[in-house]
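Okay, here's what each chain looks like letter by letter:
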Amino acid sequence: MSPLSDLEQQRLAKAERIRQRGIDPYPPRVKRTHTTQEAIVAFEKAGEDDELTVSVVGRLMSVRTMGRSTFAHIADGSGRLQIYLRQDDLGQETYEFFDRDFDLGDFIGVTGTLFRTRTGEITVRVQNFEMLAKSLHPLPEKWHGLKDVETRYRHRYADLIANEDVRQVFITRTRIVSALRRFLDSRGFLEVETPILQPIYGGAAARPFVTYHNQLHQNLFLRISFELYLKRLIVGGYERVYEIGRDFRNEGVSYKHNPEFTQLEFYWAYADYNDLMDLTEEMIATVAQEVLGTTRITYQGHEIELAPPWRRIPLRQAILEETGIDYEAYPDAESLLQAIRNYGGAAEPKATRGKLIDPTLTNYVEAKLIQPTFLYDYPVEVSPLAKKKPDDPTHVERFEFFIGGLEMGNAFTELNDPVDQEQRFLEQRQAYAAGDEEAHPMDEDFLLALRYGMPPTAGWGMGVDRLTMLLTDQSSIRDVILFPHLRSKD
RNA sequence: GAGCCGCUAACUCAAUGGUAGAGUAUCUGCCUUUUAAGCAGAAAGCUACAGGUUCGAAUCCUGUGCGGCUCACCA
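The following paragraphs examine the structure supplied in this document. (Residues numbered from 1 in each chain as written. Chains lettered and ligands numbered in written order. Predicted model: local features only at pLDDT ≥ 70, side-chain atom pairs only at ≥ 80, totals over all residues. Heavy atoms only, no water.)

### Concerning the pattern of salt bridges
Oppositely charged side chains are able to pair whenever their charged atoms sit close together. Throughout the structure, instances matching the rule amount to 42 salt bridges. For R100, the salt bridge identified is with D101, shortest N-O distance 3.7 Å. Classification of D101 as buried rests on a relative accessible area of 1%. One salt-bridge network, in which partners are shared between bridges, spans K14, D103, D106 and K134. (Salt bridge = Lys/Arg side-chain N within 4 Å of Asp/Glu carboxyl O. Buried < 20%, exposed > 50% of the residue type's maximum accessible area, 1.4 Å probe, protein only.)

So this is what it looks like as structure tokens:
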């Protein structure tokens, strides 16, 4: 800890003076009859003439002292309430105790009667008060709030104290997660939990974090997806399962990437990717309606309508429309690479054909997909866990969906042919050997599970943080994650 | 990983080579219905850190740290 500032020294001295009065500045219990909002509601119900006495608690957010009377605002979890202290109510000694030893940021409990001030604000006329917790560090500035983004992220509590809009964003986030759960629960999906520490990672194309178990002398990976475990549960006989939890990917940080992020995945036996598109539209529209009361939202200045139906176009067509490149016209990686370069794009020279197509989508198409859009039918090379189209073995029954220029999620008809799956893993192994660090590793136990037999199944995944960005109109993922990853300061 | 921008009092910001300032918060007075309360006064800084140039550096140069944006990376 750095040495205490003068302001902190002053507050510490006040805490000591309080102790010398025989008062604990951090008492263990408190009397509370109403939240601040309950007090306001009770007053409005009771009628102005009733003597309504309440005990309310909260953090001192502002103090206006005018000689022998003082107005202040306290904030609790429900909102704010004004309190009013008068020397002729409290006595000189007690009044001066407040004036001298209470600071902005302190938690205070007050008991008094409610009244309405001359300017109309419902206010507690304080009969007695007590210190609930002394604050030693000064609050951010009351008018401009806390703006420094680094401080806001590193000391999120200060951000939440100072910036009500930030507090609201995270309340909305919680409501979004609740609405997602309600949606799936009401359709018979079973919420489950699967391992975060995994001996083999998989289910996505990403580099993992590695950790070590001391007793087992074993390397473990933090999961990059839930996919392979959830499909094992479908093998086991559950027909509808989902999980909401944290994924970890060892890759760059950006406005839409945090190393740990919240994912929702569900698996649905006897359904296919067409059913998933229908359910996706319904889910997102339902969540928006429940959380925001509308399906029409504004994201970064764009008006977006989330109600079904959404646009559905093949990936091939989307790339063709945006770039003029029909990747089907280029049967090998060399010719496709040349086409991308002719368009003015940069691409990895040694990439496979599939690995050329995917960045083309990301770089040139994704940002244009403002209204909700499904892009469907992806190249098989970049989709090792998805089922091939019956009439076209070079493509799989897979879609990604985009809103506000953000990739929100990914889904497909699951590959349940264990022989085909093994073949795909072997191809991924070759890709890894050729330098693709994100190639999917072989998972023998997963193959064994498929050999037991998995019914036709559709699987789906979505970034909950990105959905929250969309529904709270935040441009950075750090503003929807309470404690986003930052580099350590020494 | 690269480029650009930023880091000044607890907070929000000024000061572009010549004595580091303001508002809020704090402290001291005055003030019993205020609400960004008001009035008067005071205190508060290793200008992120380390070097360099200069008679003189918050300011110019180099390096380091952290952050933001853009790019790269990234289902």
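### Focus: the protein's contact with RNA strand B
Around RNA strand B, a shell composed of 52 residues is seen, among which T119, K142, E150, A205 and H257 lie nearest. Considering RNA strand B, the proportion of its atoms within 4 Å of the protein that are sugar or phosphate atoms stands at 60%. Note that a sugar or linking oxygen of RNA strand B is positioned 2.8 Å from one of the side-chain N or O atoms of R118. Elements that contribute at least two residues to the surface near RNA strand B include exactly α1 (6–20), β1 (53–66), β2 (69–76), β3 (79–86), α5 (149–154), β17 (392–403) and β18 (406–413). For the surface near RNA strand B, the residue count by class is 14 nonpolar, 15 polar and 23 charged. (Near = heavy atom within 4 Å. Polar contact = N/O pair within 3.5 Å; in protein donor to acceptor, adjacent residues only side chain to side chain. Helix = DSSP H or I, 4+ residues; strand = E, 2+ residues; numbered from the N terminus. Nonpolar A, V, L, I, M, F, W, Y, C, P; charged D, E, K, R; others polar.)

### Regarding the packing of aromatic side chains
A full pass over the atoms with the stated rule returns 19 aromatic pairs. Arranged with centres 5.7 Å apart and planes meeting at 20°, the rings of F401 and W460 form a pair that is stacked. With a gap of 59 residues between them, F401 in strand β17 and W460 in strand β19 (residues 457–463) connect regions that are remote in the sequence. Residue class for F401 comes out buried when judged on its relative accessible area of 0%. By way of ring pairs, the aromatic residues F189, F266, W268, W310, F374, F399, F401 and W460 are connected into one cluster. (Phe/Tyr/Trp six-rings, centres within 6.5 Å; stacked < 30°, edge-to-face > 60°.)

### A word on the sheet that holds strand β8 (residues 210–213)
Within a sheet, neighbouring strands are paired by backbone hydrogen bonds and run either parallel or antiparallel to one another. If you walk across this open sheet you meet the 3 strands as β7-β9-β8, and the pairing is antiparallel. Looking at the sheet topology across the chains shown, the edges are occupied by β7 (197–198) and β8. Taken together, the 4 bridges between β8 and strand β9 (residues 218–222) define a ladder with antiparallel strand orientation. Looking at the pairing, T211 lines up with L220 of β9. (Pairing = 2+ DSSP bridges.)

### A short note on the pairing of β9
The sheet contact formed by β7 and β9 spans 2 bridges and is antiparallel. Counterpart to L197 in the pairing with β9 is L222. Hairpin connection, β8 to β9: the antiparallel pair is bridged by 4 residues, and H217 has positive phi, about 50°.

### Points about the side chain of E265
Among the secondary structure elements, E265 is positioned in strand β11 (residues 260–269). It turns out E265 is buried and unbridged, and the closest side chain with the opposite charge, R249, is 5.9 Å from it. If we ignore the near neighbours within four places in the chain, the residues touching E265 are S225, F226, E227, L230, V241, Y242, E243, D247, W460 and G461. (Lys, Arg positive; Asp, Glu negative; His and termini not counted. Contact = heavy atoms within 4.5 Å.)

### Observations regarding the pairing of strand β13 (residues 302–305)
Note that strand β12 (residues 296–299) and β13 share 4 bridges and pair antiparallel. From the neighbouring strand, R296 faces β13, where its bridge partner is E305. Hairpin geometry of β12 and β13 is characterised by an intervening segment of 2 residues between the two adjacent antiparallel strands and by a positive phi of about 50° at Q300.

### Remarks on the side chain of H73
Relative to the elements of secondary structure, H73 occurs in strand β2. Accessibility expressed as a relative area gives 14% for H73, which makes it buried. At 2.7 Å, the side chain of H73 and the side chain of E121 are in polar contact. Apart from the residues within four sequence positions on either side, H73 is in contact with R59, L60, M61, S62, R64, L81, Q82 and E121.

### Comments concerning the packing of helix α8 (residues 227–235) against helix α14 (residues 444–452)
Describing two packed helices takes the angle between their axes plus the distance from one axis to the other. Two numbers describe how α8 lies on α14: the axes approach to 9 Å, and their chain directions differ by 25°. The orientation of α8 relative to α14 falls into the category roughly parallel. Crossing geometry of α8 relative to α14 is assigned as left-handed. Judged by residue contacts, L228, K231, R232 and V235 of α8 engage D445, F446, A449 and Y452 from α14. Taken together, the residues that form the contact of α8 with α14 break down as 5 nonpolar, no polar and 3 charged. (Axes fitted to C-alpha atoms, helices over the stretch in contact; angles between N-to-C directions. Parallel < 35°, antiparallel > 145°, perpendicular 65-115°, else oblique. Left-handed = near helix turned anticlockwise from the far one by under 90°.)

### Remarks on the sheet that holds β1
Within the closed barrel, the 5 strands sit side by side as β1-β2-β3-β5-β4. Their pairing is mixed. Each strand of the sheet is rotated relative to its neighbour by a mean of 55°, with strand direction disregarded. Pairing between β1 and strand β4 (residues 107–116): 7 bridges, direction antiparallel. Across the sheet, R59 pairs through a bridge with F107, a residue of β4. This element, helix α2 (residues 36–46), spans β1, β2, β3, β4 and β5 (122–133) of the sheet and lies at about 75° to β3.

None of this, on its own, says anything about what the molecule does.
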